[in-house]
Structure formats: structure tokens, C-alpha cells
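Now for the letters of each chain:
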Amino acid sequence: MLSLFRKWKQLSRLQRSLILFLLALLLIFGLLSYPSITEQWRGLSDREDWLELNDREVKTILPDVKSVLGQAADKAPAPVAGPHVEPALGPALRPDVGPDVVPDSVVEPREPNIPILAKPPTKKKTFPNKRGPPSLQKDGNISDTVGGEKQEQDVVQDGEGEEEDKEKKIVSWRGAMIEADQATEPPPSADEKEAAVPRVPANPANTVPLEVSTGTTVDRLEAVRDAFRHAWKGYKDYAWGHDELKPISKSFGEWFGLGLTLIDSLDTMWIMGLKEEFAEAKNWVEKELSFNKNVDVNLFETTIRVLGGLLSTFHLTGDQLFLDKAKDLGSKLMPAFKTPSKIPFSDVNIGKGTAHPPRWTSDSTLAEVTSIQLEFRELSRLTQDPQYQEVANEVMRLVHKLPGKHDGLVPMFINTNSGQFTHKGVFTLGARADSYYEYLLKQWIQGGKAEDDLLEDYLQAVEGVKKHLVRQTGASRLTFVGELSHNRFNPKMDHLVCFLPGTLALGAHNGLPGDHMDLAVELTETCHQMYKQMETGLSPEIVHFSLQASDGRDVVVKPADRHNLLRPETVESLFYMYRFTKETKYRDWGWDILQSFNNYTKVSDGGYTSINNVRDPVNPGPRDKMESFFLGETLKYMYLLFSDDMELLSLDKYIFNTEAHPLPIWPSPPK
């Protein structure tokens with residue numbers, strides 16, 4: 001050892017430095033060749049390595065989201081194959097069933113017996129289940145319109161790159177604004193949301209994509225029932241009697257405290273023949289539902305969800321309980337109409353009997369004041385009390401003669417003091433205006449096609465849409481409906497606009513021009529592509545369309561618009577299109593959507609969750625909310641789409657409100 005030291009000292013400084021450098025290099029190469037240390041040195045920077053490690057570590061923290069199609073928390077014996085079992089319906093649909101009779105013939109619950117397979121070897125830099133050509137898999141730019149959840153949606157901003165408002169506002173899913181302090185809990189910040197919901201893949205790498213048969217009509221109907229039962233299980237276990245389920249955290253969200261999900265689901269359960277679930281919900285309505293509470297509610301949302309749900313359930317069951325509750329609620333909503341202009345306020349305190357606009361404006365959105373008419377008119381017809389129909393019809397008379405329209409298109413806001421349009425020059429069929437156009441047609445049909453002003457306004461609006469808002473993409477010539485802002489066209493389309501094909505088809509079915517149906521066919525294809533071209537098979541909240549063929553793509557989805565809220569509009573239009581054309585492709589498209597919901601939004605312990613990113617099948621980002629309309633609308637329209645019984649809620653006898661609650665069409669008045 002001493003001799004080695006002497007030899008070392010005899011070397012020159014340059015020689016010693018060179019030897020030390022070579023030794024250091026050998027040490028580094030040796031460390032890099034050791035895999036466990038390599039991962040730490042690389043900092044898990046590779047996205048797939050991170051996901052693989054995170055997938056293993058985080059399952060013990062949040063094992064909720066499952067991607068296996070049809071998997072449920074409880075197992076039931078598989079039913080014996082047989083003919084389609086007709087849903088049990090009330091006297092309005094089946095004359096042989098009495099008013100208080102609960103259906104006694106229900107298909108036994110079942111769950112698909114699909115195994116969870118072993119985890120395959122992980123491959124780096126692969127993204128399974130991608131849909132659409134590579135050009136559609138690129139990220140877009142920051143959105144110029146930030147979409148959000150129905151109640152917790154940010155205020156819409158104009159112009160790309162603008163920052164979000166510091167103060168969040170609670171916005172209704174159709175655009176009706178509610179004051180933020182009405183919520184039982186403040187909307188979380190972006191950081192809080194990130195902390196509250198760990199990034200857990202909804203389609204983890206430890207499952208193998210399963211081949212699923214398209215199935216028969218009965219199989220598809222039962223699959224929808226299974227989905228409903230799974231959603232209902234989560235609501236019953238963790239949110240019973242509250243407004244909304246938070247399936248990831250196994251808790252609930254409160255908006256008005258009126259059991260929104262339960263009321264929204266009543267007629268769906270009756271139509272599906274789920275008599276046990278219906279009986280439990282009816283018992284809650286009878287014993288727990290009260291409108292004598294000091295709470296602000298949104299006139300529009302409460303009307304379409306609660307009043308509409310109670311009225312439709314009365315018609316289907318003949319049970320007086322639901323009409324009595326509807327009358328009680330209707331009377332408590334009337335203070336909203338006590339305004340100088342007779343245009344109603346957006347908010348009502350149902351306990352105090354007072355009403356007011358939001359704090360930040362005296363405006364109401366046009367959709368919220370013109371999409372309550374079906375329900376208020378029907379309440380007057382049933383109670384023989386004209387006050388409800390009078391106030392609702394007065395709003396339509398005022399809007400009919402207002403200046404500021406653009407070839408039948410209307411601005412998004414109306415002032416409750418002056419009764420005039422505000423924020424003129426901006427026209428959309430998306431949030432804040434959409435259901436105005438829907439209710440023009442549906443009121444005309446509801447009233448026996450006798451109200452010419454409604455028909456006139458609807459026909460003018462459709463012509464305005466075709467003239468100013470309809471365009472085609474440059475690449476595949478997809479027809480879409482954009483927006484107009486002070487004569488500047490914006491190729492932006494909300495998923496909400498996908499109600500329009502169904503409405504156009506309904507009008508054509510009722511004798512309106514045939515080119516309405518032509519446009520409906522084209523728009524339905526576009527709404528289908530909004531799902532098909534996404535990697536998860538689920539549509540984003542908002543899309544932008546490319547008008548240039550040189551772009552090589554049709555759809556651009558900006559990062560802020562990539563969320564999916566379990567919305568019903570496309571399935572709604574698929575239902576109408578199948579009823580009127582009998583083309584099976586509409587059913588197949590609906591089946592694809594149901595499978596995508598099961599793959600990316602189904603939560604193992606019960607419920608479904610909205611997601612943050614439809615472009616990322618590995619980590620779609622659960623948002624921990626199941627909107628009430630998923631049960632009230634999406635699954636109801638899905639069930640009706642797959643049903644072979646064309647008399648099940650015949651479109652010649654019933655009209656659906658904008659929350660999918662069926663109300664009867666009135667007999668035509670004598671001429």
C-alpha cells in the first residue's frame with residue numbers, strides 16, 4: 001500500500017488528474033447501468049414510466065375509477081335470454097294500469113360477467129384506445145371560451161389567452177347565472193381541485209381492452225338499466241336526498257337542497273320499470289321533500305328539473321302526490337315574475353317568497369326566461385289555475401315583438417327592468433340561448449299547433465341559423481353551427497348545440513319544411529364525429545372547427561374545453577333521428593357512447609363522474625361529480641333509443657321538456 005502511494009506521488013499532476021477523471025467516468029457508468037438508481041436519476045421524467053409507477057402507488061389511495069365495461073359493485077344472476085320485456089307504465093301510457101299501481105313485471109337486474117384480466121407488459125410511449133387520425137391527436141391552443149360544469153362554470157371570456165375571472169360564479173348548465181354565495185360550499189380553486197382529486201387513470205394499464213358484442217335490443221336495454229342501477233347505487237349510498245353525487249369522494253354536493261338527482265330520476269325509473277328504486281324515491285318525496293325552506297333557487301333550473309320531473313311523473317303514474325308537490329312548488333316560484341317588465345328574475349327564495357336578479361347584473365339569460373313555458377302551461381291545465389300559463393305566455397309575447405333580433409336569432413340576455421335585449425350583436429345556439437329555440441317549436445306542438453306567433457318565430461330562427469351560422473369544415477365537409485359576434489363568425493360549437501338535430505327532426509315530423517330534416521341529418525353526423533374523433537370516444541364540452549382544407553383536420557379542441565359532463569344532447573338527437581328514420585346507425589352510435597361512458601367515467605363503488613380530458617384515455621381526470629341530468633336525460637334517451645316500442649312515449653302524444661321530462665301534447669283546439 002505504501003509503495004503504491006509512493007508511485008502515486010511520483011506521477012505528475014496531469015497524470016494524476018487524468019487517472020481520477022477516468023475513475024469518475026467508470027463510477028458514473030456503473031451507476032447508470034443499475035436500473036433502480038436510473039429511475040431516480042432520470043426523475044421519472046418519461047410520462048409512461050410515471051404513469052406506471054403512479055398506477056401502482058396510488059391505487060391504495062383512490063381505487064374508485066374502473067374502466068371495465070359493465071363492472072358493478074354487486075353481482076346478480078344473469079337473466080335467461082328471452083323476448084323484450086315491455087316497461088311497465090302508468091295510465092297515460094298503458095290504459096290497463098291504474099293510477100296508483102306500481103309496475104309488477106320488471107326484468108331482473110343483471111351485470112355483465114366480464115373478468116378483469118392480468119396486467120400486460122407496459123410499453124413506453126404508447127397511448128391505447130386512441131381514436132381518429134393522427135392529425136386529430138394534437139393539442140389545440142388555449143380556448144377563447146372556458147367551459148365549465150353546469151353550476152360551477154366560469155364566466156365566458158372573449159379572446160384567446162385571457163385569464164379566468166378571479167371570482168368564480170355559479171352558472172347554470174344552460175347558462176343561467178346563480179350567485180356564488182348560494183352554494184353550500186365555494187367552488188374550489190384549480191389548485192384545490194388538483195389536490196382533491198389525484199390524477200388516477202380511469203383506464204389503468206392493468207386491464208386489457210375487451211371486445212364487447214354490439215348485442216341485441218334486449219341486451220342494450222338491459223345494459224342501460226345496469227348503468228342506471230349502478231349510478232343510482234352510488235347516489236343512494238353516498239348522497240341520498242341531496243342534489244348531486246360526488247362519486248370519487250363518496251360524498252354529495254348541494255345546490256338548492258331539493259334532491260335534484262332523485263326528482264330528475266323519477267320518470268326514468270318508471271319508464272325502465274325499476275319499481276323497487278321508484279318506490280324508495282317516492283317515499284322520500286312523500287315524507288322528506290319540502291319547499292318551505294329559506295333557500296334561493298334558480299327559476300329555470302328548478303322549473304325544468306323539479307317542476308318538470310314532478311309533472312311528468314304524475315302523468316306516467318297517475319299518483320296525486322306528484323301533482324300536489326308540483327302545485328306547491330309552482331306557487332312558490334311565482335314571485336319571480338313580479339318585475340317591472342314581467343320578464344322574470346333569475347332567482348327565487350322559495351321560503352321567503354321573494355325574488356331577485358344576480359348581484360352583478362339585472363339581466364336574465366334569454367334561455368332561462370323562455371324555457372319554463374312548457375311546465376307552467378301544463379301546471380295551469382292540470383290545476384285549472386290560469387296564473388301560471390298567463391305569466392309564461394306573457395314572456396313569449398314580449399320577446400316576440402322585441403327589436404334587436406337578427407333574422408330570427410336572439411341575443412343572449414334580457415333586462416328584467418326594461419324588458420329589452422342587452423349585449424346585442426352576439427348570437428349563438430349554445431349556452432344562454434339554446435332552449436329558447438327548442439321551446440318555440442315545442443310550445444307550438446304542445447298547444448295543438450294553434451299558436452302562430454311561436455311557429456313564425458321558430459321558422460324565422462331556423463332560416464337565420466342557416467343563413468348566418470351554418471358552415472362546413474374544409475377537410476371532410478362536416479356541417480356545423482357556429483356563432484356570430486358583431487358580424488364576425490366564430491367556428492365554435494358547444495356540445496349543447498347537439499340538441500338542434502333532434503329539434504329540427506321533430507319539426508319536420510310535424511309538417512315543417514323537409515330541408516329541416518336534411519340539416520338534422522348532417523348535424524347529427526357532426527355531433528357523432530365530436531365523439532368518434534376523441535381518444536376516449538366522448539365529446540368535449542366545446543369544439544372549434546377548421547374551415548381550411550389545408551389543415552387536414554376538422555375538429556380542434558382547446559385545452560380548457562376538453563371536459564365531458566355526461567351531457568345528453570347528442571343521445572337526445574340520436575333518439576329522435578332513430579324514431580323518425582329507423583336507421584340503425586343511430587342506435588350503434590348511441591351504443592358506442594354508452595360503452596365509452598362505462599370505460600372512462602364509471603366509478604367502481606357506484607356512480608359515474610364527469611371527466612377533465614376526453615383526449616387522454618390513460619388519465620381522463622375524474623372531476624368527482626355526477627350531474628342529475630345523467631340519470632334524468634342521458635340514460636333515459638339512451639333507453640328510449642334502444643327500445644323497439646315506438647308507442648313508449650310516442651312523439652305524437654308527448655313532448656319532452658329540456659330536461660327530458662315527457663309532458664302530454666294537448667288536443668287540437670276546435671277550429
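Cut-offs used in this document
Residues numbered from 1 in each chain as written. Predicted model: local features only at pLDDT ≥ 70, side-chain atom pairs only at ≥ 80, totals over all residues. Heavy atoms only, no water. Helix = DSSP H or I, 4+ residues; strand = E, 2+ residues; numbered from the N terminus. Buried < 20%, exposed > 50% of the residue type's maximum accessible area, 1.4 Å probe, protein only. Areas by Shrake-Rupley, 256 points an atom, 1.4 Å probe, with all protein chains shown as cover. Axes fitted to C-alpha atoms, helices over the stretch in contact; angles between N-to-C directions. Parallel < 35°, antiparallel > 145°, perpendicular 65-115°, else oblique. Left-handed = near helix turned anticlockwise from the far one by under 90°. Contact = heavy atoms within 4.5 Å. UniProt positions renumbered as here; feature names shortened; annotations may be inferred. Patch = residues over 30% accessible without salt bridge, like charges linked within 9 Å, V, L, I, M, F, W, Y side chains within 5 Å. Salt bridge = Lys/Arg side-chain N within 4 Å of Asp/Glu carboxyl O. Polar contact = N/O pair within 3.5 Å; in protein donor to acceptor, adjacent residues only side chain to side chain.

**A closer look at the overall build of the chain**
Logical step 1: From N to C terminus, the chain includes 20 helices and 20 strands.
Logical step 2: Among the 671 residues that make up the chain, the fraction classed as buried is 58%.
Logical step 3: Total accessible area on the chain stands at roughly 27,100 Å², and carbon and sulfur atoms take up 54% of it.

**Some thoughts on the packing of helix α18 (residues 569–581) against helix α20 (residues 628–642)**
Logical step 1: Two elements in contact, α18 and α20, have axes whose closest approach is 8 Å; the angle formed by their N-to-C orientations is 20°. Comparing the axis directions of α18 and α20 gives the class roughly parallel. Two packed elements cross with a definite hand, and for α18 against α20 that hand is left-handed. Contact residues: α18 offers V571, E572, L574, F575, Y576, Y578 and R579, while α20 offers T634, Y637, M638, L640 and L641.

**Some points on the UniProt feature "active site" (unreviewed entry) in the chain**
Logical step 1: UniProt annotation of "active site" (unreviewed entry) refers to E301, D434, E541 and E569 when read in the numbering used here.
Logical step 2: Tracing the backbone shows E301 in helix α9 (residues 299–317).
Logical step 3: Residue E301 is classed as buried on the basis of its relative accessible area of 0%.

**Description of a nonpolar patch on the surface**
Logical step 1: Taken together, the side chains of L18, F21, L22, L25 and F29 make up a nonpolar region of the molecular surface, amounting to roughly 510 Å² of accessible area.
Logical step 2: Relative to the helices and strands, L22 is located in helix α2 (residues 13–32).
Logical step 3: The exposure class of L22 is partly exposed, given its relative accessible area of 47%.

**Here's the deal with the environment of D605**
Logical step 1: If you trace the backbone, D605 turns up in the loop between α19 (584–600) and α20.
Logical step 2: Residue classification places D605 among the partly exposed residues on the basis of a relative accessible area of 28%.
Logical step 3: Along the chain, D605 and K233 lie 372 residues apart, while their C-alpha atoms are 8.1 Å from each other.
Logical step 4: Separated by 3.0 Å, the side chains of D605 and K250 make a polar contact.

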